[in-house]
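Structural overview
Each chain, written out:
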Number of protein chains: 2
Amino acid sequence: MTSLIAVDWGTSSLRAARIAADGTVLDQRSSARGILTVPAGGFPDVLQETCGDWLAEPSSLCLVSGMAGSRQGWREAPYCACPAGFAELARSLAWVEPQRIALVPGLSCESDGVPDVLRGEEVQVFGAIDLLQQRDGVYVLPGTHSKWVQVAQARVQSFATFMSGEVYALLRQHSILGRMMPAEDGPLAEDAFTQGVRYAQQSGGLLRSAFSARTLALFDRLPAPALASYLSGLVIGEELRQRSDAVDAVVLIGAPALTQRYALALRTLGCTSRTLGPEATWRGLWALARTLE
Amino acid sequence: MTSLIAVDWGTSSLRAARIAADGTVLDQRSSARGILTVPAGGFPDVLQETCGDWLAEPSSLCLVSGMAGSRQGWREAPYCACPAGFAELARSLAWVEPQRIALVPGLSCESDGVPDVLRGEEVQVFGAIDLLQQRDGVYVLPGTHSKWVQVAQARVQSFATFMSGEVYALLRQHSILGRMMPAEDGPLAEDAFTQGVRYAQQSGGLLRSAFSARTLALFDRLPAPALASYLSGLVIGEELRQRSDAVDAVVLIGAPALTQRYALALRTLGCTSRTLGPEATWRGLWALARTLE
């Protein structure tokens, strides 16, 4: 390949990068044309609008990860079952234009008779494996739906989803707890956040611990501007409580605002972590492209 | 006293009963004039509109429980600290008209440095103790905020709040899970409900288990009309998981639609329970009135 056009096409946004054969990111673009804004059949046009000039280059390859490969997206790229590595992912690409444009499949796994899925995060994990040269360990991708991914020998063995970001947003915006908080979030109140993380470890579960945000405010033990940080600590702390078997030495991948909170929560529990940013996505798509050569 | 006017004045509704000296409920009324609809200073007028004819009776006593005694209500009746029985509650009444109209205080307790509160449920619990003549045990009041109340020697020793009803409503109405469900809830799908209750025991917590409602639907293992029942089972099952030390032989108090679900969830886990309805409120206020004579 001369160059790779890497596209991370999610529910609410679209990001694209032109990447040289040696992995250098030459150019980046983003837009608000997430898949929810694209009418049926409109995906080729939106891709053309976003990076038609890049696509015009001869022998360019375009790999698209994220929700564009879902049933609600461009075309469904069926989930690839775990354990899965680069090779399985590459074999399962859904080509919308042969040898030119492909959708990357998500992953599925199953435990206790219940399936789990991810889509888009697989590319970030493989990118992180390639960047860190760490073929074994736990990779954590915080977000609306956080993913905890178990990797062995550079293959995803299994993973688990936690609805932490969505549940926090629901409690913040729509619950009785949110009504006690100022409309705008200020900067993170670290003491309140770590207090929430610690209380989550001993309270047994979020249905119970969440109410403490109300009573601590009611009894003037937490000031209103710190409540949102405390609640965030409760939710992230609850996620860590549920993974208490595997919270040390994890790799966090995601936007800094969120990975910083997870790193702080882990430090509060005496655990170490490393952090990677969005570069993992581009590295993952580039590494995947190399396996196609 | 000749008769008692018992009022259960909550956030969104107002219920009243006229009760004879022997405990017989002579008459009942209800309206949508919950405290949120009452302007500051408007409480006497709304009470007069609702049961002025009863109040006109000579030597009648009126006891009001619920959120009318909160900071946002008629007047604050400060929380009575646990352990507390009838005697403490009676001593802590907030009289708005001496010897005639009083607000019943809620209860507070504290564990692990975090306070907890209830308001209105204390009357139901004391009513249940009186009705069942069961002076020791665990009383459970399901609802928007479920209360688990530990009673010994007819006194409330401590209690714990679970935001189960509110969290279920948030997930049902505002989350990605709700989008996969039909707009209207049908009757309870019992198999899906008990499946949710059981999965909640093994999944470690709701942040993780909730996502199974999405993936089971995605893989066509649960039909869309059963999803809301499954989610309800997950949430109630999670509440029971967090109380796994104390789920057998509890007394459920509340509206049948909800206590039936809790009873089914408890049976699914091999536990027994007894159930009381709204009669517990009237009995509690009547028993409280007797201690004032």
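Scroll up for the structure.
Residues numbered from 1 in each chain as written. Chains lettered and ligands numbered in written order. Predicted model: local features only at pLDDT ≥ 70, side-chain atom pairs only at ≥ 80, totals over all residues. Heavy atoms only, no water.

1. Overview of the overall build of chain A
The criterion, for reference: In this description a helix means any DSSP run of H or I spanning at least four residues, a strand means any run of E spanning at least two, and both kinds are numbered starting from the N terminus. It is over C-alpha atoms that the radius of gyration is taken, and the globule rule equals 2.2 Å times the number of residues to the power 0.38. A simple rule labels every residue: compare its accessible area, found with a 1.4 Å probe on the protein chains alone, to the largest value its type can have, and call it buried under 20%, exposed over 50%, or partly exposed in between. Whether two residues are in contact is decided by their heavy atoms, any of which lying within 4.5 Å being enough. Note on areas: Shrake-Rupley, 1.4 Å probe, and residue coverage restricted to the protein chains presented here. This count recognises Lys and Arg as positive and Asp and Glu as negative, with His and chain-terminal groups excluded. Here the site of a charge means NZ on Lys, CZ on Arg, CG on Asp, or CD on Glu.
Scanning chain A from N- to C-terminus turns up 10 helices and 14 strands. Taken over the C-alpha trace, chain A has a radius of gyration of 20 Å; the compact-globule value for 293 residues is 19 Å, and the two agree within 12%. A burial count over chain A gives 59% of its 293 residues as buried. Relative to all contacts within chain A whose residues are 6 or more apart in sequence, the contacts with residues 24 or more apart total 63%. Accessible surface computed for chain A: about 11600 Å², of which carbon and sulfur atoms make up 50%. Separation between the mean location of the 25 positive side-chain charges and that of the 29 negative ones in chain A comes to 3 Å.

2. Let's talk about the pattern of salt bridges
Residue and element names in this part refer to chain A. For the record, the criterion: For this analysis, a salt bridge means a side-chain nitrogen from Lys or Arg found within 4 Å of a carboxyl oxygen belonging to Asp or Glu.
If you walk through the whole model with that rule in mind, you get 28 salt bridges over all chains. Residues Arg-283 and Asp-130 are paired through a salt bridge, measuring 2.8 Å at the closest nitrogen-oxygen approach. Placement of Arg-283 in helix H10 (residues 279-291) and of Asp-130 in helix H3 (residues 121-132) is noted, with a sequence separation of 153 residues between them. One salt bridge connects Asp-185 with Arg-172, and the closest N-O pair in it is separated by 2.7 Å.

3. Regarding the packing of helix H7 (residues 211-218) of chain B against helix H8 (residues 224-242) of chain B
Residue and element names in this part refer to chain B. Basically, it comes down to this: Where helices are involved, their axes are fitted lines through C-alpha atoms of the stretch in contact, as for all axes, and angles between N-to-C directions lie from 0 to 180°. By definition in this entry, angles of less than 35 degrees are roughly parallel, angles greater than 145 are roughly antiparallel, angles of 65 to 115 are roughly perpendicular, and the rest are oblique. The sense of a crossing depends on the near helix, which, turned anticlockwise from the far helix by less than a right angle, makes the crossing left-handed and, turned clockwise, makes it right-handed. Think of it as three bins: nonpolar holds Ala, Val, Leu, Ile, Met, Phe, Trp, Tyr, Cys and Pro, charged holds Asp, Glu, Lys and Arg, and polar takes everything else, Gly as well.
Look at H7 against H8: their axes get within 10 Å of each other, and the N-to-C directions meet at 150°. By the angle between their axes, H7 is roughly antiparallel relative to H8. Where H7 crosses over H8, the two elements pack in a sense that is right-handed. On H8, the residues that touch Ser-212, Ala-213, Leu-216 and Ala-217 of H7 are Leu-227, Tyr-230 and Leu-234. Tallied by class, the residues present in the contact of H7 with H8 amount to six nonpolar, one polar and no charged.

4. Quick look at the side chain of Ser209(A)
Residues and elements named next belong to chain A. Of note, Ser-209 is situated in helix H6 (residues 206-209). Residue Ser-209 is classed as buried on the basis of its relative accessible area of 0%. Residues within four places of Ser-209 in sequence aside, it is in contact with Tyr-199, Ser-203 and Leu-234.

5. Remarks on the packing of aromatic side chains
To keep it simple, the criterion reads: The pairing test for Phe, Tyr and Trp rings, Trp by its six-membered ring, is centres within 6.5 Å, and the orientation test on the planes gives stacked under 30 degrees, edge-to-face over 60, and tilted for anything in between. By definition, being over a ring means that NZ of Lys or CZ of Arg is both within 6 Å of the ring centre and within 35 degrees of the ring normal.
The tally for this structure, following the rule as stated, stands at 12 aromatic pairs over all chains. Geometry around Tyr79(A) places Arg119(A) over its ring, the cationic atom sitting 4.4 Å from the centre.

6. A few points about the interface of chain A and chain B
Defined as follows: Summed over both partners, buried area is the accessible surface (1.4 Å probe) that two parts give up on being assembled. Contacts described as polar in this section are N or O atom pairs within 3.5 Å, which, within protein, must combine one atom able to donate a hydrogen with one able to accept it, while residues neighboring in sequence count only if both atoms come from side chains.
On the chain B side, the residues contacting the 46 residues of chain A number 47 residues. Carbon and sulfur atoms supply 63% of the area that chain A and chain B bury against each other, a total of about 4000 Å² over both sides. Seen at the junction of chain A and chain B, the total is 18 residue pairs in polar contact (both at pLDDT 80 or more). Broken down by secondary-structure element, the contributors of at least two residues to the side of chain A that touches chain B are strand S8 (107-111), strand S9 (114-118), strand S12 (155-162), helix H4 (164-174), helix H5 (190-202), H6, helix H7 (211-218) and helix H8 (224-242) of chain A. At six residues, H4(A) tops the list of elements feeding residues into the side of chain A that touches chain B.

7. Re the sheet that holds S8(A)
All names here are of chain A. The test is simple: Being paired, for any two strands, means DSSP has found at least two bridges between them.
One open sheet holds the three strands; their spatial order is S5-S8-S9, and the pairing between them is mixed. Looking along the sheet, the strands with just one partner apiece sit at the ends: strand S5 (80-81) and S9. Taken together, the two bridges between S5 and S8 define a ladder with parallel strand orientation. Considered in S8, the bridge of Ala-81 is made with Ser-108.

8. A closer look at the relation of the copies chain A and chain B
The test is simple: Each copy is superposed on the other by least squares, with the fit set by C-alpha atoms of residues at a pLDDT of at least 70 in both.
Once turned by 180° and shifted 0.0 Å along the axis, chain A lies on chain B with an RMSD of 0.0 Å. The transformation just described matches what one would write down for a two-fold rotation axis. When the interface residues of chain A are mapped onto chain B, 100% of them again fall at the interface, so both copies present the same face.

9. Some details on the state of the cysteines
Residues and elements named next belong to chain B. Defined as follows: Only a pair of cysteine sulfur atoms within 2.5 Å qualifies as a disulfide here.
Counted under the stated rule, the structure contains zero disulfides over all chains. Summary of cysteine pairing: Cys-109 is not part of a disulfide, and the nearest cysteine sulfur, belonging to Cys-82, is at 5.3 Å. Owing to a relative accessible area of 13%, Cys-109 belongs among the buried residues under this scheme.

10. Some details on the sheet that holds strand S5 (residues 80-81) of chain B
Spatially, the three strands line up as an open sheet ordered S5-S8-S9 (chain B), and their pairing is mixed. With one partner strand each, in any of the chains shown, S5 and strand S9 (114-118) of chain B form the two edges of the open sheet.

11. Let's talk about the environment of Leu258(A)
Summarising the element assignment, Leu258(A) is placed in helix H9 (residues 256-268). Once you skip the residues sitting within four places of it in the chain, Leu258(A) turns out to touch Pro142(A) and Gly143(A).

12. Thoughts on unusual backbone geometry
Backbone torsion omega between Cys82(A) and Pro83(A) reads 0°, so that peptide bond is classified as cis. Of note in the backbone geometry, Ala154(A) takes a positive phi value of approximately 65° without being a glycine. Considering the arrangement of structural elements, one finds Ala154(A) in the loop between strand S11 (146-152) and S12. Among the residues examined, Ala154(A) registers a relative accessible area of 16% and is labelled buried. Despite not being glycine, Asp220(B) shows a phi value in the positive range, around 55°. Mapped onto the elements, Asp220(B) comes out in the loop between H7 and H8.

13. What to know about H7(A)
Most of H7(A) is tucked away: eight of the eight residues are buried. Along H7(A), the residues classified as buried are Phe211(A), Ser212(A), Ala213(A), Arg214(A), Thr215(A), Leu216(A), Ala217(A) and Leu218(A). The inward-facing, buried residues of H7(A) contact H5, H6 and H8 of chain A together with S9, strand S11 (146-152) and strand S12 (155-162) of chain B. Two residues or fewer after H7(A) comes Asp220(A), characterised by a positive phi angle close to 55°.

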